[in-house]
Each structure stands twice: as structure tokens, then as C-alpha cells.
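In case you want the letters, here they are:
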Amino acid sequence: MKRDATPVGRTQTPAPEAPVADTGRRNFLRRSAAAVGAVGAAGLVGGKAFPAGAATMAEANPENLPPNVPEWNKYLGYSVDWQPYGLPSEYEKDVVRRSVEWLTATREASINFTPIQDMHGFVTPNGVCFERHHGGAAIVNPVDFRLMINGLVDKPLVFTLQDLMRMPSVSRFYFLECAANSGMEWRGAQLNGVQFTHGMIHNVQYTGVPLRTVLEEAGVKPNGKWIMAEGGDSAGMNRSIPMEKALDDCMLAWAMNGEALRPGNGYPLRLVVPGWEGNMWVKWIRRIEVGDKPWFAREETSKYTDLMPNGKARLFTWEMDPKSVITSPSPEKPVLHKGLNQLRGLAWSGRGKVKRVDVSLDGGRNWQEAQLDQPVLDKSMVMFRMPFEYTGQELLMQSRCIDEHGVVQPTMQALQKVRGTHSVYHNNSIQTWLVNKNGEVENVRLG
Ligand SMILES: Nc1nc2c(c(=O)[nH]1)N[C@H]1C(S)=C(S)[C@@H](COP(=O)(O)O)O[C@H]1N2
Ligand SMILES: [Mo]
């Protein structure tokens, strides 16, 4: 009998589209029957429920199932020359970066999001690390690349990439979170997908030279208290960084996860500013100037400042506070089975190590301690896991991160008491997922 050659399974899953912001959505009222009904339809995108899970629910081809010998078991496979640079399985084609059309005016000064719902551990694969560009991704020929150090130094220097690579290097895992991550959610539950609410983050192993080594080579003058890092892209994006941080744990990195940086993430060289907002991690870096005061660049005055309730803007809010999110279940990862399931999520703190992650299944009334994957590293993501029982009841899932300094991830209500309602950046509040009676998961705000 001739079989259909089309593989069954993920290839039939429709490609997910960008989510629709429903600004009219009401905050979800705790456990009220009317409210539960009201949120039921809100997660629909173009008439389709948010994608994931469809794959698992697709029907298997019985001819491939035991006791039959499956198709791939019968024929010679591909040669070793088939993929000089390896790509994921065709059945993983939904694990991709996605963007939101209406979020930015152009496609060059824009952002895409990491599919964190599909991360199985704390390492983000290079091909799905989100990218944020202010003037498009620059394509730099490493032969023509130079890094210049000038300003308040004993000897201004110009380095080639090879010069830098000859210096003593280190490899370290760090998360990079854009300060705007979860920025839409200040206004209530907005985007129905964890990729979109929390996906402006990645966690990779960087290899490079400590910035301290390079600055010492140039010799910082006693009045050199700040550096200005400048990018070599069309935006020439630049930021001021205090000398203390520059000499502490900053790196000039040429590699991520053991290979050269990807062009979109700053090839051939980027600044790594552990724990601090992503904007400061200047990509395609071409110049570092040493000065005695900050530059008050566009990205630290007009942007990346926080408007407080008194009408004044906070400047220089560098550290990323403790934060966590459950990545499965999530709107993209519905609960498909009654009985025992495994929950997983990601946690991080720009202030140091994650000490503990608590999980609640009832909207924050009761908390249990989740299990943390090892190793737990400084200013790196941690994956947390917890088994849970699903019997078809509604659940209100939350996670909260506590870091080694005892700083606890706040509720949005607590955060707004301090920050007011005019912020865009630095939303580290607790996320709530409503798991409904069908196992579908919805982004909700507890009122
Ligand atoms: N030169 C340059 N550096 C840059 C940017 C940029 O547009 N140009 N974007 C910044 C912002 S806002 C963020 S969040 C991070 C994103 O890093 P990624 O693209 O590797 O995710 O890079 C930062 N460094
Ligand atoms: Mo950013």
C-alpha cells in the first residue's frame, strides 16, 4: 500500500501569527465566574487559539507505530555532508523568533522575541536569541573592524579583533534583558503569549576579554570616572557606564555559546554589561571614550528613563531586578493531559544569583518552592521546575523570584505603588497565567 509521503505532525501546525493587543481587556477579577467566562475568547488570534500543543494533538500515522517498523527505520539516511552547518529538525520549525508588526514604526528600528516557551534549559540557542536594533543590523567585515579607546587615558589605542583575541579571555554565562521586556503589561494583560510578554531576553555563554584588561592597557587617568561605549551601526548607539562597573565584570565579547557572535547580536564584538539593562550592551562596538562625567546620550535621557508618579523621570536605572515567568504552561503551551504534569520556567536577577523561586497555582494565596536546575550562576538565567496535578480545574499560575540579596519579585500592585502607571521600562512584576477548564492558558491580571 502506498503511503502519503507528507510527514505527520508538526508540519501541519499552522505558523503562529503575531498576537493582537486587546487594549480593552478588563483586569481579571479573582475567581469570579463571570470574569472567567469573559476572558475565555480573548486569546484568539485570527480565529485560532494560540498555536502550541496542536502538534502533540495531531494524529500519528498508525503505520509508523509499534509493532510496525517506522518509515525512517527502513531506508538509508542522509550522508554526513548533508548539512555543513546544522539546522534544527524540520519538525521544530515553530521554534523561531517572532515580531509584532504594530510595535514599531519601521522594521529596522525594531525588535523580535525569543521563543522562551521552547527553551529546555538556561541556554538560549544562538539562532533564536532576540534582537533589538535601533538602525538595523550592521554587517561588519572583521578585517576592517577596529576598536578605539580615547579620552582620559594615558595612551589612546586602536585594536584589531586579533589584538583583542590575543589578550587573556574568559567565558561566562549572562542573561541580557531589554529594559522594555514586559513593558506593554503595565497597562494590564496585553499580549497573549509568553514569547511576547517576556521574550526580550536571552542567556548565552560569552567569550571575550574583560573590559578592565583593555582599559588598563590604555591606562585610565585618575579623573576618568565614566566610559562611553559607541556602536558602529547606523544608529551609532551610545551609552555612559560608570567606571566602577566597567572595571568590575564588563567584557568585550566576540563569541556566544562557543561560536562567533551572530551578526544581529553584534558581530564581531559587543559589550557585555552583566545584570544591567540590555540597551547598555553596545553591539558592533567601535569606540570607548573615557570621561569624568556621563554623556547624557539619547538612550539615557529621552529613552530608558522611568517617569515617576511625581512627574520626574528616573535616570540611570541600570540593574535588572529579580524576575521570573512560567514558560510552560503558557498561552503557547496549553495543558494537554489530565493527571501529573511538569511546570517549567525561567528566573533571573541582575543583582546576583537567584536564591529561590516560588510557584503558586491559586493566584498567590499558597506558594511552593520550585526546583532549580544547577548550576545557579551569577546574573545568569536559572530554569525552575515543579510537578503539578491537573484535574480539569482552573488554575491561576504565578512564579516569584527571590535573589541572594533577599529582593523579592513584586506584584504589579506593589510595583505601581512605587513606580506609578507611566512607566515603560523595568516591569519585573509577577505574571499570572489562567489555565481554564480546557487546559488553555490565558494572560490575565489579577485585580
Ligand atoms: N550598536 C547598538 N547596540 C545595541 C543596540 C543597537 O540598536 N545598536 N540595541 C540595544 C538594545 S536596546 C538591546 S535590548 C540590546 C539587544 O541585544 P541583542 O540584539 O543581542 O538581543 O542591544 C543593545 N545594543
Ligand atoms: Mo533594549
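Residues numbered from 1 in each chain as written. Chains lettered and ligands numbered in written order. Predicted model: local features only at pLDDT ≥ 70, side-chain atom pairs only at ≥ 80, totals over all residues. Heavy atoms only, no water.

You'll find the protein entered in an unreviewed UniProt entry as Sulfur oxidation molybdopterin C protein, with Caenispirillum salinarum AK4 given as the organism. Within the UniProt record for the protein, the comment given under Cofactor (unreviewed entry) is "Mo-molybdopterin". (UniProt positions renumbered as here; feature names shortened; annotations may be inferred.)

Taken as a whole and assessed by the stated rule, the structure comprises 26 salt bridges. The residue Glu 131 makes a salt bridge to Arg 97 at a minimum N-O spacing of 4.0 Å. With Glu 131 in the loop between strand S1 (110–111) and strand S2 (132–133) and Arg 97 in the loop between helix H2 (54–57) and S1, this pair connects stretches of sequence that are 34 residues apart. Looking at Glu 131, the relative accessible area reads 15%, which means it is buried. The partner of Asp 306 in a salt bridge is Arg 419, with the nearest N and O atoms 3.8 Å apart. Residue Asp 306 is found in strand S13 (residues 306–307), and its partner Arg 419 is found in helix H7 (residues 412–419); the two are separated by 113 residues along the sequence. One connected set of salt bridges, linked through shared partners, spans Glu 230, Arg 286, Arg 287 and Glu 289. (Salt bridge = Lys/Arg side-chain N within 4 Å of Asp/Glu carboxyl O. Helix = DSSP H or I, 4+ residues; strand = E, 2+ residues; numbered from the N terminus. Buried < 20%, exposed > 50% of the residue type's maximum accessible area, 1.4 Å probe, protein only.)

For the rest of this paragraph, the subject is the environment of Val 100. Mapping Val 100 onto the fold places it in the loop between H2 and S1. Considered as a pair, Val 100 and Asn 112 are 12 residues apart in the sequence and their alpha carbons are 7.4 Å apart.

Judged by nonpolar contacts, the single largest core of 62 residues is most densely connected at Leu 147, Leu 164 and Leu 252. Sorting elements by how many residues they give to this core places strand S9 (residues 251–256) first, with 6 residues. The residues contacting Leu 164, other than those within four sequence positions of it, are Phe 145, Leu 147, Phe 159, Val 209, Val 214, Trp 254 and Leu 269. Judged by nonpolar contacts, the second largest core, of 34 residues, contains Met 320, Trp 348, Phe 384 and Val 441. (Core = buried A, V, L, I, M, F, W, Y, C linked by side-chain atoms within 4.5 Å. Contact = heavy atoms within 4.5 Å.)

Another aspect to go through is the side chain of Thr 207. Assignment of secondary structure puts Thr 207 in strand S6 (residues 201–210). A distance of 2.8 Å separates the side chain of Thr 207 from the side chain of Ser 171, its partner in a polar contact. With sequence-adjacent residues up to four places away left out, Thr 207 is seen in contact with Val 170, Ser 171, Met 251, Leu 252, Ala 253, Trp 254 and Ala 255. (Polar contact = N/O pair within 3.5 Å; in protein donor to acceptor, adjacent residues only side chain to side chain.)

This part is about the sheet that holds strand S23 (residues 441–444). Read across the open sheet, the 5 strands follow the order S18-S17-S21-S22-S23; overall the sheet is antiparallel. Each end of this open sheet is capped by a strand with a single partner; those strands are strand S18 (368–369) and S23. Where strand S17 (residues 354–360) meets S18, 2 bridges bridge the pair, whose relative direction is antiparallel. Within the sheet, the bridge partner assigned to Val 359 lies in S18 and is Gln 368. (Pairing = 2+ DSSP bridges.)

Of all residues except glycine, most have a negative phi; of all peptide bonds, most are trans. Look at the link from Tyr 267 to Pro 268: it is a cis peptide, with omega at 10°. Secondary-structure assignment places Pro 268 in the loop between strand S10 (259–260) and strand S11 (270–272). Here the amide bond leading from Gln 374 into Pro 375 is cis, since omega sits at -5°, within 30 degrees of zero. Note that Pro 375 resides in the loop between strand S19 (371–372) and strand S20 (382–390). In this structure, Ser 182 takes a positive phi of about 70° despite not being glycine.

Attention now goes to H7. Burial in H7 covers these residues: Met 412, Leu 415 and Arg 419. In a view along the axis of H7, the buried residues occupy a sector of 65°, so they form one face of it. Counted as exposed and oriented over 90 degrees from the buried face of H7: Lys 417 and Val 418. Contacts from the buried residues of H7 go to S13 and strand S14 (313–314). Positive phi appears at Gly 420, one or two residues downstream of H7, with a value of about 75°. (Arc of directions from axis to C-beta.)

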